[in-house]
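Below are the chains, spelled out letter by letter.
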Amino acid sequence: MELLSAFGIGVLCALSSSAPIGPVSLGVVQATITKGRPGGIAVAMGGVLADVVYALVAWFISDLIVGDEDPVVFKWLNYLSILVVLFLGYKMIKSRNEDHSARPLRAHNKVFHGFVLGVSNPGLLVYWLGAIAFAQAGGWLGHSSLELVMFITGVVGGILGALTLLIVAASVFAKRVSERLVSNITLFLGIAFLGFGAFLIGRVLVLYVF
């Protein structure tokens, strides 16, 4: 029963983390539109890997940072994510008029791209720390290795399920768009990433400067 509970908690937490539109969701949409479903799936796999890494880190460090209101790891994650997000936004805007469909699909590059998009959002680590602490405090999630395996399995299944629905929707939409619209979508996504970077800069200033 404990293993089933750990799996269920993993699925619920994954679906909850996938609900807000974030860097991975935007990247999946762009890749699906420009490269088809294989491109979207590759980016999604990278995003799933990033979530799993953050969930594992949260699992193992949750006891170490209890009571620390401002862990140093959060500060450096914020600094790093600002650079990554601003670079990705600039790159999208710069390449908006390129013919992405003419390039061969390199799945490993797209997987890495999805992973970078995922880890560029430090809020995921905060989310997983809170979710795991809440589930353990409520008695729904234990500390055993088997429960960890089932929890991570649920995380993978939940995120893949949510992103698969997004890929299907984006692939249906992609059949009806022109090259000009694809360029505009890429421009919009680039601006969205720059906006997210500006938000992170503002948060860093509020947390660590003022």
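Nothing here was measured: the structure is a model prediction, and the numbers come from that model.

**Quick word on the overall build of the protein chain**
So, step 1. In terms of regular secondary structure, the protein chain is built from 7 helices and 0 strands.
So, step 2. Element order for the protein chain, N to C, with α for helix and β for strand: α-α-α-α-α-α-α.
So, step 3. Counting across all 210 residues of the protein chain, residues that qualify as buried make up 44%.
So, step 4. Sequence separation of at least 24 residues holds for 89% of the intrachain contacts in the protein chain that already meet a minimum separation of 6.
So, step 5. Looking at the protein chain as shown, the accessible area adds up to about 11100 Å², and 71% of this sits on carbon and sulfur atoms.

**Observations regarding the side chain of glutamine 30**
So, step 1. Locating glutamine 30 in the fold gives a position in helix 2 (residues 23-61).
So, step 2. The exposure class assigned to glutamine 30 is buried, which follows from its relative accessible area of 9%.
So, step 3. Apart from the residues lying within four places of it in its own chain, the contact partners of glutamine 30 are Met92, Thr186 and Leu189.

**Things to note about the packing of helix 2 against helix 6 (residues 145-174)**
So, step 1. Closest axis-to-axis distance for the helix 2/helix 6 pair is 9 Å, and the angle between their directions is 160 degrees. As judged from the angle between their axes, helix 2 and helix 6 are roughly antiparallel. In this structure, helix 2 crosses over helix 6, and the sense of that crossing is right-handed.
So, step 2. Broken down by class, the residue content of the contact of helix 2 with helix 6 amounts to 27 nonpolar, 4 polar and 3 charged.

**Considerations on the confidence of the model for the protein chain**
So, step 1. A residue-level look at the protein chain finds 75% of positions with pLDDT of 70 or above and a mean pLDDT of 76.
So, step 2. The secondary-structure element of the protein chain with the lowest mean pLDDT is helix 3 (residues 72-94), recorded at 71, while helix 2 shows the highest, at 85.

**Brief notes about the environment of serine 144**
So, step 1. Within the secondary structure, serine 144 sits in the loop between helix 5 (123-137) and helix 6.
So, step 2. Judged by relative accessible area, serine 144 falls into the partly exposed class, the value being 32%.
So, step 3. The spacing of serine 144 and leucine 3 is 141 residues in sequence and 9.6 Å in space, taken between C-alpha atoms.

**What about the environment of threonine 153?**
So, step 1. Relative to the helices and strands, threonine 153 is located in helix 6.
So, step 2. Separated by 142 residues in sequence, threonine 153 and valine 11 place their C-alpha atoms 8.1 Å apart.

Cut-offs used in this document
- Residues numbered from 1 in each chain as written.
- Predicted model: local features only at pLDDT ≥ 70, side-chain atom pairs only at ≥ 80, totals over all residues.
- Heavy atoms only, no water.
- Helix = DSSP H or I, 4+ residues; strand = E, 2+ residues; numbered from the N terminus.
- Buried < 20%, exposed > 50% of the residue type's maximum accessible area, 1.4 Å probe, protein only.
- Contact = heavy atoms within 4.5 Å.
- Areas by Shrake-Rupley, 256 points an atom, 1.4 Å probe, with all protein chains shown as cover.
- Axes fitted to C-alpha atoms, helices over the stretch in contact; angles between N-to-C directions.
- Parallel < 35°, antiparallel > 145°, perpendicular 65-115°, else oblique.
- Left-handed = near helix turned anticlockwise from the far one by under 90°.
- Nonpolar A, V, L, I, M, F, W, Y, C, P; charged D, E, K, R; others polar.
- pLDDT = per-residue confidence, 0-100.

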